Amino acid sequence: MIRVRSDVRSIAPYRPGRPIAEVAREYGFDPSDIVKLASNESPVPPVRQAIAAMVEEVGSINRYPDNDCHDLRHGLATHLQVDADQVWIGGGSSELLRVISTALGGAGTTAVYPWPSFVVYRLATVLAGATPREVPLTDRHEHDLAAMRAAVDDSTTVVVLCNPNNPTGAHLSSEAVTAFVESLPDDVLVVVDEAYYEYVTADDYETAVTLALTRPNVIVTRTFSKVYGLAGLRIGYAIARSETITELRKAQAPFSVTSVGQVGALASLDAADEIARRAQDNASERSRLESVFADLGLEYAPSQANFVYLRLGSSTEETAEAFIRHGVILRPFGDGWVRVSVGSVAENDRFLAALHLEGDRLGAS
Ligand SMILES: Cc1ncc(COP(=O)(O)O)c(C=O)c1O
């Protein structure tokens, strides 16, 4: 028997949203008839400029990528109005979360983050040899900042805020984030995960980039996997003070960001109008879904992201299975809660048609 670390052995394998091809095989559907609303992906492909840039780059992938991601860092620096050495690129923001945990983890350290939230926080913490301190969300599905603050002690090296939170879509106001950061010792790194930043419409929401540029113990992570439609490319970035990035980056594997990823992400930055339109489309479809849930008397968490967390019946697995039989893949959580990603108008229509058919059985009136 190989001697896998006991903490690694204790990890439940990551369960992604079920892939379309797998569901098609198992249920005998045509893949084009399946609607996947399980992984918070963009319902539309990458922008035209990104596809063209990536196709051109493919012919050069006999070479290793630029390990410093020079062009993309400078492009993002202009886009974000920060310095290029305040931008750090990763193979997905998940890679950056892993690297941060590795750099700050180790035996005897703890990481504090909300729960339920993005499962990578748990994986990254355990893999770093640190101990997770998972702080339950409030009854309103929001971060419990007072409880999170109370969970921090001398062993804590990192705290994660997921803003807005996956899977509940709840956001933190900029005042709340600032007050929370200011309440912490300055040797505790606060990661503000803004993977869904572009979708937020709440007036009291603001990015934590300004905090990250003024405080060495704050870092903001973002991704090209959501509104930019580049989930398959694995590319994300972080913004922090350069001295913070320099230290954390030592734990990153060389060449983890592909050259195709770098050019695809850079070219996407030229499509600001199209990206803004996509965010608006998401907001209007998100409101449409939420008003149907309200009309049906379903319990749901008002969302600022590209998904909605709602309760359908009492058995989550049964609900997910019922929707799969209609060709709609949702993401099951627990206690009857599922997360549905906001898709295209046609995809959401398919989901709503299935909801109306299943509604009575699942507790919708
Ligand atoms: C909160 C949150 N952070 C980060 C990510 C990961 O993004 P990436 O594809 O950049 O690794 C996700 C993806 O679902 C997420 O929900």
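Residues numbered from 1 in each chain as written. Predicted model: local features only at pLDDT ≥ 70, side-chain atom pairs only at ≥ 80, totals over all residues. Heavy atoms only, no water.

A few points about the domain arrangement of the chain
Okay, step 1: Under the domain assignment used here, the chain contains domain 1 (6-45 + 273-362) and domain 2 (48-268).
Okay, step 2: Each of domain 1 and domain 2 was reduced to a C-alpha centroid, and the two centroids are 24 Å apart.
Okay, step 3: Facing the 25 residues of domain 1 at the interface are 26 residues of domain 2.
Okay, step 4: Buried surface at the junction of domain 1 and domain 2, summed over both partners, amounts to about 2,100 Å²; 66% is from carbon and sulfur atoms.
Okay, step 5: Of all residues in domain 1, I275, Q304 and Y309 give up the largest surface area on contact with domain 2, accounting jointly for 28% of the area buried on that side.
Okay, step 6: In this structure, the connection of domain 1 to domain 2 is made through 9 residue pairs in polar contact (both at pLDDT 80 or more). (Domains from an automatic or database assignment. Contact = heavy atoms within 4.5 Å. Buried area = accessible area lost by both parts, 1.4 Å probe. Polar contact = N/O pair within 3.5 Å; in protein donor to acceptor, adjacent residues only side chain to side chain.)

A word on the nonpolar core
Okay, step 1: In terms of nonpolar packing, the biggest core is built from 54 residues, with L76, I89 and F224 touching the most fellow members.
Okay, step 2: The biggest single contributor to this core is helix α4 (residues 70-80), with 4 residues.
Okay, step 3: Those residues in contact with I89 that lie beyond four places of it in its chain are C69, L72, R73, L76, L96, I235, G236, Y237, Q252 and V257.
Okay, step 4: Counting residues in hydrophobic clusters, the runner-up holds 21 residues, among them L37, L289, L310 and V340. (Core = buried A, V, L, I, M, F, W, Y, C linked by side-chain atoms within 4.5 Å. Buried < 20%, exposed > 50% of the residue type's maximum accessible area, 1.4 Å probe, protein only. Helix = DSSP H or I, 4+ residues; strand = E, 2+ residues; numbered from the N terminus.)

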